Protein chains: 4
Amino acid sequence: MLIVMHHEATPEDVEAVCARIRKLGFEPRPMPGEQRTAIGLVGNDGPVDPARFHGLPGVLRAIPVSAPYKQVSLEWQAAPTIIELANGTRIGGDAVVMMGGPCSVETERQLMTTAEYVAAAGATVLRGGAYKPRTSPYSFQGLGEDGLKLLAKARDVFGLAVITEALDEASAEKVAEYADIIQIGARNMQNFGLLKHVGRLGRPVMLKRGHANTVKEWLLAAEYIVHAGNPQVMLCERGIRGFDNVTRNVFDVSAIAVAKTMTHLPVIGDPSHGTGKRELIVPMARAAVAAGADGLIVETHPEPTEALSDGQQALYPQQFHDMVRQVGQVAQVLGRPLAGQ
Amino acid sequence: MLIVMHHEATPEDVEAVCARIRKLGFEPRPMPGEQRTAIGLVGNDGPVDPARFHGLPGVLRAIPVSAPYKQVSLEWQAAPTIIELANGTRIGGDAVVMMGGPCSVETERQLMTTAEYVAAAGATVLRGGAYKPRTSPYSFQGLGEDGLKLLAKARDVFGLAVITEALDEASAEKVAEYADIIQIGARNMQNFGLLKHVGRLGRPVMLKRGHANTVKEWLLAAEYIVHAGNPQVMLCERGIRGFDNVTRNVFDVSAIAVAKTMTHLPVIGDPSHGTGKRELIVPMARAAVAAGADGLIVETHPEPTEALSDGQQALYPQQFHDMVRQVGQVAQVLGRPLAGQ
Amino acid sequence: MLIVMHHEATPEDVEAVCARIRKLGFEPRPMPGEQRTAIGLVGNDGPVDPARFHGLPGVLRAIPVSAPYKQVSLEWQAAPTIIELANGTRIGGDAVVMMGGPCSVETERQLMTTAEYVAAAGATVLRGGAYKPRTSPYSFQGLGEDGLKLLAKARDVFGLAVITEALDEASAEKVAEYADIIQIGARNMQNFGLLKHVGRLGRPVMLKRGHANTVKEWLLAAEYIVHAGNPQVMLCERGIRGFDNVTRNVFDVSAIAVAKTMTHLPVIGDPSHGTGKRELIVPMARAAVAAGADGLIVETHPEPTEALSDGQQALYPQQFHDMVRQVGQVAQVLGRPLAGQ
Amino acid sequence: MLIVMHHEATPEDVEAVCARIRKLGFEPRPMPGEQRTAIGLVGNDGPVDPARFHGLPGVLRAIPVSAPYKQVSLEWQAAPTIIELANGTRIGGDAVVMMGGPCSVETERQLMTTAEYVAAAGATVLRGGAYKPRTSPYSFQGLGEDGLKLLAKARDVFGLAVITEALDEASAEKVAEYADIIQIGARNMQNFGLLKHVGRLGRPVMLKRGHANTVKEWLLAAEYIVHAGNPQVMLCERGIRGFDNVTRNVFDVSAIAVAKTMTHLPVIGDPSHGTGKRELIVPMARAAVAAGADGLIVETHPEPTEALSDGQQALYPQQFHDMVRQVGQVAQVLGRPLAGQ
């Protein structure tokens, strides 16, 4: 931490800052300059909130110079976290993982049909929402536990792993019972109670980035889960809010690349939510893997125009198949195989 | 709902859209044009998801022309919702309501001191966080139920009402037991399980706008609470994410004015979180009331530089006092008194 | 400037940074810490680009601690800049200035009618576009010099001052010939050639903030004009790009308040472009003045629904009159009169 | 165009809208519905400004259903625009074009060194700024015409084409004299006078997307150039403003993919400005081509840490070489060669 003082700060102001630093258990190190003084805080300052200095007389800024996240950082652990699922899929290693399935689990027929072609295309993880976070209380809210049972059945039949979203503590426990990966959605990225709860459930977690959250906040949210005892966390970029409605969101591909320079956790891309438009999913799936994503999660439906939710961002079966093939070729350029192949 | 077709859409495409409209229980009304056809959906289309039409062959756009929120809209109820608290404060009527207090409840002495000068300045509601949502797991997380007890004590001594934040279902029940208003924070605006839960608790709720949520999404989140049985909801604008770090957030004063044209619910402004800077709070408090806010919630602390959280956006006692006076004068220009005066 | 080093930076890295600082003509001041070293740059570092240090081995960040703008800052000049116009209007002093008129000058009748009621309502400056920046090449582009002549005529008849936009060097010279204030629009805020040019014309300039420019960039753009020799610059906040299309822009009222803490230049608010909606103009006009604006510029038209451009953000004559009255009352709360009254 | 009426609009309101449509030379087509009426405007409505209807009594919204850009749209011309340069480089065809060079032309030695390794790596276009748009008037502003002469010399020696930025009409004429492509920077994307001017110069133009401009506005800006007589326009995505300072901008890779679905013009990606960080350039270069970019423009410098501007987003020579190789492999997955290879 560096505390930069106003140019008109008095020696008393500087001393007051030093006193506060000492009170917090650290050693102050003032550096007088021609225009202003800066004061360093020596020691492991991770847990110190810069706000403790804002507003002290004469303080211009308090600048944290260590990352506030710890256990998820590459400084803490240089080797990549690898998450291994029951069906043998390893996420975060060399291989790029493909996850596909419908926005919502709707019927047994819909799900089994989808799981069959998703597996045939070469994906190893099946997605499908059983508990749906919907902007309007009047929209379809998902099948709940019945949906989980269908997912478990599809897993058993087709040898896939299963990922599905939890909305709250109760659904998280249900999801942990049936699924291989608990998904925390963008709207819950800073639902800290839920993060702590899934941190105690011992199941791998996929943490989606919030619509308007910085990469640092995303890592801190992951830190909540790891701190609660669960190191099996993967991140998922799914688009941020932008000013242009030509796409549903701004799929922030750079965030994938930048997160890989900051954390050892796997990073997945979601071009379906990222763009919201079917015709953009395949190019952006290629782009995400080209940028370094460890995997993709993509919506697909046997008949997208009949889907109960988000049909416009689901691939047709043949498109899903083509996407896996193209993504595999891009991964190869980076020297990476597809998982399960 | 209007479904606008591509200019090259075929008659079969148009008929398929009409068929889907009929299947959903509505009546299609096609309008052929020189360049393209639009198809109206007649009936109460509130619950129809436009996504049901996206992706159908030949469809360019599906445009909802009724608001998807219902019970919170001015069309549903023209008269303003007025929320009456135990200490006589009425929120949403003519009078502008002043709420003040520390970011976090820290100690009995800190809270009682604050409550005393907040009441003396003319405010009628005391704020103070007992359960704190913190970006980092290493930051101070609040006193929990002990904080609620201190709030209740301050209320009894100074005749104030109390507002404090709930983070999850468990804390919501505790808050409902001790406080007059349950606050739902920005990060939980779309925590739909929590919204439904506070919709059943029967306590007034203040719903803060999410960092990157539209006014429409905010109203739909309020609709969740009302739909669950609780009509006593007030909205609170507290700043949206922007690109300029000269302020902590962009305090979206226009959102206050525009919300008042769309809903009968009271709208409160929070210039502390909105700006994140002490020197901007008083001007922006005046601005929010000038724009039509029904009240303000402002952070204040007896010694802001000693605060355990967010001290840089808390007013000094004298500043709080001045703010109430100035805001009262602005309210008077609009023909509104301050609550409790 | 503070250069913060990576924790694994070597003594050679530190020395290389010091050497560069010396080469730039300043004195380095290294401060070793337990985790990392920071190096101060002593001297008047305003002109040093932090990018000169980014990318040097071992450098984590270079942090400018002096404002990069100079002459427009409050540190440079504590007293407010006051701009005096030919008709006696003083901008930037105690009085709040009202400017009104149509988006575009359309006809003599339209302009004279508008000027008459604008003056009668109590405004002292007439706005009206003669050169129009239009997103589409197929939209109405303005009357050009004929429009300027009409503005000059209205000025003479009604004793108003005149403000109108220049788009390029040629139109700037024409505008300087006919008008009292040259307006630089949001899209040209960083058209540096034009800024320098109007810096040499000797006419007061109103510099609108760009759609996505920070307050600091805005001040630096003003610095271009002042640096070129023209100290008569006023700023104008007119809304930034946001994610919610419920308003045309996000009218950033806080930017008015924050700019007043950074610069001695007058700051004007434009609630017409800021909101894009007629029903929000009056509340947001009140809010801007409540936040500390030195004046307002508002669109009004005798028949807004007949306007050739931007009719939906123009007030009806009676609304303009009411706005001036209400704004005057709000200004009074701050101890400020309206200009010309 | 569809004009959607308020549910309480009167028959007189509807008739007034119809009358206005007729007055504009089109045919109105009203469609009464149970809740509200919509009115279609039949004919080629491209030039009609929706704002002509906003604010008419009873009008809820006017929705343009044809694209407002014409000549740049895929509906106007289905075949891709191919721009051929003097050195044989074809932009917009099958081959992916690589452009590289320093942010600013600094010295003959710097530029010739760079041009040599840029050509050797396989790029066919040399970039380098001679006229620099700088946020601060105190930053280095470029060498001007001397820089252009150095670029021309490098072109002659190494067989490269040359691209460099024009800031205003005077520099545009100079650039047209020396360079193969005139670059219009992000800050000038809506400098309409400059767009018209380069539309008359007959040189290929690269139009960078503004920091906060929608894809539609970008296409309309290109339309200005084409409309003025110059069809040789390419677009360049270079990052939009975001809320997270972990990158300089948000490199909007999806905008490349979406633009390719809307226009026949070539689309180039600029991962240097897009990310602002050297370590992200190579992954994002791969991503842009994977998303469908027709080429890349990337900053590189023989000694980035000595660069007079933007050194932190310039590749080292070896990195540039590696990037071209990797991008070539990604292009191959899409069945595209690199230009000149």
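Note that the coordinates shown come from a computational prediction; the quantities given were computed from them, not determined experimentally.

Enquirer: Where do I start with the interface of chain B and chain A in this structure?
Expert: Interfaces are often sized by the amount of accessible area the parts lose when they come together. Between chain B and chain A, the residue contacts involve 47 residues of the former and 47 residues of the latter. Among the residues chain B hides against chain A, the three largest losses belong to Thr135, Tyr138 and Arg241 of chain B. Together they make up 16% of the total. The salt bridge partner of Glu217 of chain A is Arg241 of chain B, with a shortest N-O separation of 2.6 Å. Where chain B touches chain A, the interface holds 16 residue pairs in polar contact (both at pLDDT 80 or more). Broken down by element, the side of chain B that touches chain A gets its largest block of residues, five residues, from helix H6 (residues 215-227) of chain B. Across the side of chain B that touches chain A, the residue classes tally to 16 nonpolar, 16 polar and 15 charged.

Enquirer: Teacher, can you tell me more about the side chain of Arg278 of chain B here?
Expert: In this structure, Arg278 of chain B sits in helix H9 (residues 278-290). With no salt bridge to any partner, buried Arg278 of chain B finds its closest opposite charge in Glu279 of chain B, at an N-O distance of 6.5 Å. A polar side-chain atom of Arg278 of chain B sits 3.0 Å from the main-chain carbonyl oxygen of Gly311 of chain B. Among the polar contacts listed, one links the side chain of Arg278 of chain B to the backbone oxygen of Ala314 of chain B, at a separation of 2.7 Å. Filtering out sequence-adjacent residues up to four positions away, Arg278 of chain B remains in contact with Gly55 of chain A together with Pro304, Gly311, Gln312, Gln313, Ala314, Leu315, Tyr316 and Gln319 of chain B.

Enquirer: I keep staring at the side chain of Gln110 of chain B and nothing clicks. Help me out?
Expert: Checked against the element boundaries, Gln110 of chain B lands in helix H2 (residues 108-121). Sequence-distant contacts of Gln110 of chain B, defined by excluding residues within four places in its chain, comprise Pro102, Ser104, Val105, His301 and Pro302 of chain B.

Enquirer: I tried to follow the interface of chain D and chain A on my own but got confused; where do I start?
Expert: Residue-level contacts link 34 residues of chain D with 35 residues of chain A. Summed over both sides, the interface of chain D with chain A buries roughly 2600 Å², with 75% coming from carbon and sulfur. The largest contributions to the chain D side of the interface with chain A come from Phe243, Ser254 and Val333 of chain D, which together make up 22% of the buried area. Applying the counting rule to chain D against chain A returns two salt bridges.

Rules and cut-offs
Residues numbered from 1 in each chain as written. Chains lettered and ligands numbered in written order. Predicted model: local features only at pLDDT ≥ 70, side-chain atom pairs only at ≥ 80, totals over all residues. Heavy atoms only, no water. Contact = heavy atoms within 4.5 Å. Buried area = accessible area lost by both parts, 1.4 Å probe. Salt bridge = Lys/Arg side-chain N within 4 Å of Asp/Glu carboxyl O. Polar contact = N/O pair within 3.5 Å; in protein donor to acceptor, adjacent residues only side chain to side chain. Helix = DSSP H or I, 4+ residues; strand = E, 2+ residues; numbered from the N terminus. Nonpolar A, V, L, I, M, F, W, Y, C, P; charged D, E, K, R; others polar. Buried < 20%, exposed > 50% of the residue type's maximum accessible area, 1.4 Å probe, protein only. Lys, Arg positive; Asp, Glu negative; His and termini not counted.

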